[in-house]
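# Results of the structural survey
Next come the chains, spelled out residue by residue.
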Amino acid sequence: MSGSELARRAGISKTTLSNLEAGIGNPTVATLDALAVALLIPMTDLLAGETGTGPVYVPGTEGDPGEITRELLRRMSGGHSLEMWRMRMPAGQTSTGLPHATGTVEHLYVTAGHVTAGPADAPRLIGPGDLFAFAGDVPHLYRTDDEPVDLLVTFAAPVPN
């Protein structure tokens, strides 16, 4: 695929793409997500190396209570791609998700708080201990009301041939 076509599919300018290729750009998460969707790959393919199959310990961290935070916890691939993220959202926040690559499934596990999440046209309220899986290749959202939420978000995506 040409650079022009990739920029078109991702909805970014050719200059932005050129700067990223040259290592002089500073992309937003939204730009990286748009590029990953256009390339039909998980966003972390643009960021992280492979994670081995041995034991992995990821200590808990304290996030800024006033900001939405996301941390990649684990990434594995081979026939499929699996990513686990910790997501924290303060009260009264909404985060919209761009559709991921075709066939991606998001799994949400709530560890604290309540969140309305899922496909933009059919979100549902979930709380501590709830697991909710939905197609991640459609527009989706996460919305908190009067309390913060802590989630484990797992993306399972087929690896393109």
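Below you will find a few notes about this structure. (Residues numbered from 1 in each chain as written. Predicted model: local features only at pLDDT ≥ 70, side-chain atom pairs only at ≥ 80, totals over all residues. Heavy atoms only, no water.)

## Some details on the pattern of salt bridges
On inspection of all chains with the given rule, the structure shows three salt bridges. A salt bridge links Glu-5 to Arg-9; the nearest nitrogen and oxygen atoms lie 2.8 Å apart. You can see Glu-5 and its partner Arg-9 sitting in helix 1 (residues 3-10), four residues apart, about one turn around the helix. Its relative accessible area of 48% is what places Arg-9 among the partly exposed residues. Its salt-bridge partner being Asp-150, residue Arg-88 comes within 3.5 Å of it at the nearest N-O pair. Linking Arg-88 in strand 2 (residues 80-89) with Asp-150 in strand 9 (residues 149-158), this pair joins segments that are 62 residues apart in sequence. In this structure, Arg-88 and Asp-150 share a single accessibility class: buried. (Salt bridge = Lys/Arg side-chain N within 4 Å of Asp/Glu carboxyl O. Helix = DSSP H or I, 4+ residues; strand = E, 2+ residues; numbered from the N terminus. Buried < 20%, exposed > 50% of the residue type's maximum accessible area, 1.4 Å probe, protein only.)

## Topic: the packing of aromatic side chains
The geometry of two aromatic rings is summed up by the distance between their centres and the angle between their planes. Scanning the model with the defined rule gives one aromatic pair in all. In this structure, Arg-124 is placed above the aromatic ring of Phe-132, and the distance from its NZ or CZ to the ring centre is 5.6 Å. (Phe/Tyr/Trp six-rings, centres within 6.5 Å; stacked < 30°, edge-to-face > 60°. Lys NZ or Arg CZ within 6 Å of the ring centre and 35° of its normal.)

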